[in-house]
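Next come the chains, spelled out residue by residue.
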Amino acid sequence: MTQRVFNFSPGPATLPEEVLRRAAQEMLDWHGSGMSVMEMSHRGKEFVAIHAHAERLLRDLLGVPEHYKVLFLQGGAIGENAIVPMNLLRGHASVDIVDTGEWSLKTIQETRKYAHVNIAASSAAKRYTCIPPRQGWRLDPDAAYVHICSNETIGGVQYHFTPDVGAVPLVADMSSDFMSRPIDVSKFGLIYAGAQKNLGPAGVTIVIVREDLLGHALPITPSAFDYGLQAQADSMLNTPPTWAIYMVGLVLDWIQDQGGLAAMERRNKEKAGLLYQYLEGNRFYANPVAPADRSLMNVPFTLRDPALDDAFLKGAQAAGLVQLKGHRSVGGMRASIYNAMSLEGVSALVAYMKGFEARHG
Ligand code: PMP
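Residues numbered from 1 in each chain as written. Predicted model: local features only at pLDDT ≥ 70, side-chain atom pairs only at ≥ 80, totals over all residues. Heavy atoms only, no water.

Engineer: Quick question: what am I supposed to make of the UniProt feature "modified residue: N6-(pyridoxal phosphate)lysine" (unreviewed entry) in the protein here?
Structural biologist: On the UniProt side, "modified residue: N6-(pyridoxal phosphate)lysine" (unreviewed entry) is annotated at positions that read K197 here. Within the secondary structure, K197 sits in the loop between β9 (190-194) and β10 (205-210). By relative accessible area, K197 is classed as buried at 13%. Look past the residues within four positions of K197 in its chain and what remains in contact with it is P10, G11, A13, T14, T153, S175, S176 and Y338. One polar contact links the side chain of K197 to the main-chain carbonyl oxygen of P10, over a distance of 3.0 Å. (UniProt positions renumbered as here; feature names shortened; annotations may be inferred. Helix = DSSP H or I, 4+ residues; strand = E, 2+ residues; numbered from the N terminus. Buried < 20%, exposed > 50% of the residue type's maximum accessible area, 1.4 Å probe, protein only. Contact = heavy atoms within 4.5 Å. Polar contact = N/O pair within 3.5 Å; in protein donor to acceptor, adjacent residues only side chain to side chain.)

Structure below.
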């Protein structure tokens, strides 16, 4: 028997055990093909079916309208920070970005290589502990698009509303909350997400893009990152990350078996609720985020006395609770509790935190 830990890593993150077992079962001989998915031609009928299955399920579970393309690309979300402006400027000079933390800042830096950036709103003055209220955003009607990060993985701040930005396309980096809850895709011009948190292994980036935004890439855009060309080629302009796409398909099967995105959201609320309820008003641990904007995916918290951090982490590790160290930029702890983290895992964490508080508080 292998002993699996409760892995609170922010990404690559824990995957459902059922998915890993199925991948193991199918590893040497996928469905009688006599080969592993890793060994298949991406143009062969087996992989074409795997790819089509993943796309179909993603469309069904998320309710992606027909006039949106779903692309499976490479380059990660950091790649998209450059690829999005290269494709979406469409003759506009400027991009509106809402700054809610570290990942927004990365997007701002990268976008500046291609366009003027207008920071439409920022929670920097509030130490990134909230989402700036929509009423205060200063949007430019001539912007190419408005960019948000739906869940700041490091700060633990999440949008619990979809901002109305009028006719300008809304673009969202959903890397750390994609497929964790239902969303109305039609409110977005483009959504992108790396797979390695809620959806599978690192290596594939999902892009959902409204068709009218395709076909305007800057001439310097690498062909592999031209959404229009990739859409025409069914994401096979270059060799796609076949194994990662297969794994995403297995995770989507699992999400469907669990009851789809509404069920995922219920579970995620229940798990995050357990942790936040315990942190609320606690004098030993603290979470700085405004209650209305707390992330259901990443829960950062600090110990009253940072000198106890090492002891906390060592004890957690010994109890089978791993990867709880906060990001180096903010310190403290962070529990990432994506779709595949069980309620049992979060309960075990809360029990450990209570015990540690009792011993050191
Ligand atoms: N955006 C967000 C919100 C993220 O959480 C991450 C990864 N932690 C990234 C972008 C960067 O993703 P990648 O490393 O896959 O490029």
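After that view, the rundown keeps rolling.
Engineer: Help me out: how do you make sense of the sheet that holds strand β12 (residues 298-303) in this one?
Structural biologist: One key point about sheets: their strands pair by backbone hydrogen bonds, in either a parallel or an antiparallel sense. Read across the open sheet, the three strands follow the order β11-β12-β14; overall the sheet is antiparallel. The open sheet has two free edges, formed respectively by β11 (285-286) and β14 (333-336), since each of these has just one partner strand. Here β11 pairs with β12 via two bridges, running antiparallel. In the strand pairing of β12, Y285 is matched with L303. The strands touched by helix α7 (residues 260-279) are β11, β12 and β14; relative to β12, the strand with the most contacts, the crossing angle is about 25°. (Pairing = 2+ DSSP bridges. Axes fitted to C-alpha atoms, helices over the stretch in contact; angles between N-to-C directions.)

Engineer: It is not clear to me how the UniProt feature "domain: Aminotransferase class V" (unreviewed entry) in the protein should be interpreted in this structure. Could you clarify?
Structural biologist: In the numbering used here, UniProt assigns the feature "domain: Aminotransferase class V" (unreviewed entry) to residues 5-349. End C-alpha to end C-alpha, residues 5-349 measures 12 Å, and it is 32% helix and 17% strand.

Engineer: Can you walk me through the site of the ligand in this structure?
Structural biologist: Around the ligand, the surrounding shell consists of G76, A77, I78, W103, C149, N151, T153, D173, S175, S176, Q196 and K197. Between an oxygen atom of the ligand and a main-chain N or O atom of I78, the distance comes to 2.8 Å. For the ligand, a nitrogen atom lies 2.6 Å from a polar atom in the side chain of D173. (Near = heavy atom within 4 Å.)

Engineer: I keep staring at the pairing of strand β8 (residues 170-173) and nothing clicks. Help me out?
Structural biologist: In summary, the side chains of a regular strand alternate between the two faces of the sheet. In β8, alternate side chains face the same way, and those of L170 and A172 on one face and V171 and D173 on the other are all buried. Pairing analysis gives three bridges linking β8 to β9, with the strands arranged parallel. Of the residues in β9, the one forming a bridge with D173 is Y192.

Engineer: Just checking my understanding: could you explain the pattern of salt bridges for this structure?
Structural biologist: Where charged atoms from two side chains of opposite charge approach closely, those side chains can pair. This model, assessed by the stated rule, comprises 14 salt bridges. The salt bridge partner of R56 is D60, with a shortest N-O separation of 3.2 Å. Placement of the pair is R56 and D60 together in helix α2 (residues 45-62), with a separation of four residues, close to one helical turn. Judged by its relative accessible area of 43%, R56 is partly exposed. In this structure D60 comes out as partly exposed when scored by relative accessible area, which is 48%. Note that R210 and D212 form a salt bridge whose closest N and O atoms lie 2.6 Å from each other. Under the relative-accessibility criterion, D212 is labelled partly exposed at 46%. (Salt bridge = Lys/Arg side-chain N within 4 Å of Asp/Glu carboxyl O.)

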